[in-house]
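Topology and contacts: notes
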Amino acid sequence: MKRAVGLLFAAVPLLAAAAWFATPSEHTVTDDAGGGVTASRQAPPDTSAPSGKPADSERPTDPPSPPADPDKGLAAPDKKELAQKLVASAENATLDWRGQYGYIEDIDDGRGYTAGIIGFCTGTHDLLVLVERYTADHPGNGLARYLPALRAVDGSDSHQGLDPGFTAAWRAEAKVAAFREAQDGERDRVYFDPAVRLAKLDGLGTLGQFIYYDAMVMHGPGTGPGSFHGLRARAMAEADTPAEGGDEKTYLGRFLDTRRSAMKASPDHHDTTRIDTAQRRFLNEGNLDLDPPLKWQVYGEPYEVR
């Protein structure tokens with residue numbers, strides 16, 4: 001979760017937002033392109049907690065989410081694969097999301113190290129929980145020795161006890177199939193399944209489920225005004241969900257407006273192209289089922305899935 005786009009893009013938000021209407025770049029990234037290119041990620045701090053992501057005690061008290069129905073909506077295998085590519089285009093400047101298990105860097109956003117397929121952070125609790133759960137199942141793994149340091153730096157941007165070996169240990173462990181599976185499991189448990197479940201409760205189709213998922217990934221599943229549940233509450237106060245008898249496109253438009261405003265208000269995030277030239281584009285096209293072919297842009301870079 002949580003990323004910060006490179007300073008180059010932060011300096012030119014208007015150019016990035018307008019880039020879709022320019023002549024397509026010869027460097028268009030398509031569905032079968034290789035990956036491994038990592039962009040710094042972008043996300044505003046969550047005002048509900050100093051770390052930028054709420055601790056478990058600050059999250060909603062909804063019952064645990066059951067696994068999303070694998071045969072319908074965003075949880076269908078082809079749609080879930082598409083969702084990971086869409087998120088990776090905004091988070092890592094690639095469609096190769098599976099190439100990001102070993103990703104790790106400090107992007108100077110106050111959240112310590114950001115790592116893995118969904119941007120687990122040493123300062124925002126989710127990376128600690130990932131390593132704790134993984135170690136419970138696989139004692140003696142290459143990250144277990146860093147658990148005391150991870151607990152000490154949780155909620156801060158400190159590297160104390162992690163440097164110089166933690167980044168190398170993360171990359172090495174990412175070569176282990178069990179750790180890749182653990183990352184997948186935490187992504188689903190904390191972000192994907194809750195987002196899809198809530199979207200279905202709100203009467204949203206596949207695109208709406210993805211819009212919720214991307215917001216959950218970026219803003220975190222907290223209850224503060226800058227977290228997913230705070231954004232959802234604001235949108236629901238201004239427009240009826242389909243489950244409440246409202247129009248789906250109208251509600252999703254309001255949710256995107258709400259999220260965009262929150263992003264613009266953040267001192268660390270001014271580029272909203274993941275909304276403006278991606279999700280909003282799909283919505284304006286009426287593609288509520290999120291069916292390929294899809295074309296979109298993030299930070300001025302065009303992508304395509306056929």
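Located above this text is the structure these notes cover.
A few points on the structure. The shown structure was predicted, so the numbers you read here are calculated from the model rather than taken from an experiment.

Now for helix H11 (residues 273-284). Since one α-helical turn is 3.6 residues long, residues separated by three or four positions face the same way. Among the 12 residues of H11, nine are classified as buried, and the element is accordingly described as predominantly covered. All buried positions along H11 are accounted for by Thr-273, Arg-274, Ile-275, Thr-277, Ala-278, Gln-279, Arg-280, Phe-282 and Leu-283. Positive phi appears at Gly-286, one or two residues downstream of H11, with a value of about 75°.

As a further point, take the pairing of strand S4 (residues 294-298). The element S4 is largely enclosed, with a buried count of four among its five residues. Looking at chain direction, S4 and strand S5 (residues 301-305) are connected through five bridges and run antiparallel. By the bridge assignment for S5, Lys-295 is matched with Glu-304. What sits between the antiparallel neighbours S4 and S5 is a turn of two residues, in which Tyr-299 has the positive phi angle 55°.

As for its placement among the helices and strands, Gly-203 is situated in the loop between helix H7 (177-201) and helix H8 (206-219). You can call Gly-203 partly exposed: its relative accessible area is 32%. Separated by 40 residues in sequence, Gly-203 and Ala-243 place their C-alpha atoms 4.6 Å apart. For Gly-203, the contacting residues outside a window of four places in its chain are Pro-242, Ala-243 and Glu-248.

Turning our attention to the packing of aromatic side chains. Counted by the stated rule, this structure contains 12 aromatic pairs. Here the aromatic rings of Phe-166 and Trp-170 are separated by 6.2 Å at their centres, their planes lie at 55°, and the arrangement is tilted. Remark: Trp-170 and Phe-166 occur in helix H6 (residues 166-173); sequence separation between them is four residues, near one turn of the helix. For Phe-166, a relative accessible area of 0% puts it in the buried group.

Evaluated as defined, the whole model comprises 18 salt bridges. Across the salt bridge formed by Lys-80 and Asp-188, the nearest N and O atoms sit 2.9 Å from each other. With Lys-80 in helix H3 (residues 77-92) and Asp-188 in helix H7, this pair connects stretches of sequence that are 108 residues apart. Given a relative accessible area of 16%, Asp-188 falls into the buried group. Here Arg-259 makes a salt bridge to Asp-214, at a shortest N to O gap of 2.8 Å. Separated by 45 residues along the polypeptide, Arg-259 in helix H10 (residues 248-265) and Asp-214 in helix H8 bring together distant segments of the chain. The class of Asp-214 is buried, set by a relative accessible area of 2%. Residues joined by salt bridges that share partners form a network here, namely Lys-80, Asp-184, Arg-187 and Asp-188.

Going through the model one piece at a time under the given rule, you end up with three cavities of 30 Å³ or more. In this structure, the largest cavity encloses a volume near 60 Å³. Lining the largest cavity are Leu-86, Ser-89, Ala-90, Phe-210, Asp-214, Arg-274, Ala-278, Gln-279, Phe-282, Trp-296 and Val-298. By residue number, the principal contributor to the lining of the largest cavity is H11, which donates four residues.

Let us now look at the packing of helix H4 (residues 126-137) against H6. H6 packs onto H4 with a crossing angle of 55° between their chain directions and a minimal axis gap of 14 Å. Of the possible angle classes, the one that applies to H4 and H6 is oblique. The crossing of H4 and H6 is left-handed. The residues of H6 that touch H4, namely those facing Leu-127, Leu-130, Val-131 and Tyr-134, are Phe-166, Trp-170 and Glu-173. Taken together, the residues that form the contact of H4 with H6 break down as six nonpolar, no polar and one charged.

Criteria and thresholds
- Residues numbered from 1 in each chain as written.
- Predicted model: local features only at pLDDT ≥ 70, side-chain atom pairs only at ≥ 80, totals over all residues.
- Heavy atoms only, no water.
- Buried < 20%, exposed > 50% of the residue type's maximum accessible area, 1.4 Å probe, protein only.
- Helix = DSSP H or I, 4+ residues; strand = E, 2+ residues; numbered from the N terminus.
- Pairing = 2+ DSSP bridges.
- Contact = heavy atoms within 4.5 Å.
- Phe/Tyr/Trp six-rings, centres within 6.5 Å; stacked < 30°, edge-to-face > 60°.
- Salt bridge = Lys/Arg side-chain N within 4 Å of Asp/Glu carboxyl O.
- 1 Å grid on protein atoms, 1.4 Å probe; cavity = no way out; pocket = protein on both sides within 12 Å on 5 of 7 lines; lining within 4 Å.
- Points joined across faces, edges and corners; volume = space filled by probe spheres on them.
- Axes fitted to C-alpha atoms, helices over the stretch in contact; angles between N-to-C directions.
- Parallel < 35°, antiparallel > 145°, perpendicular 65-115°, else oblique.
- Left-handed = near helix turned anticlockwise from the far one by under 90°.
- Nonpolar A, V, L, I, M, F, W, Y, C, P; charged D, E, K, R; others polar.

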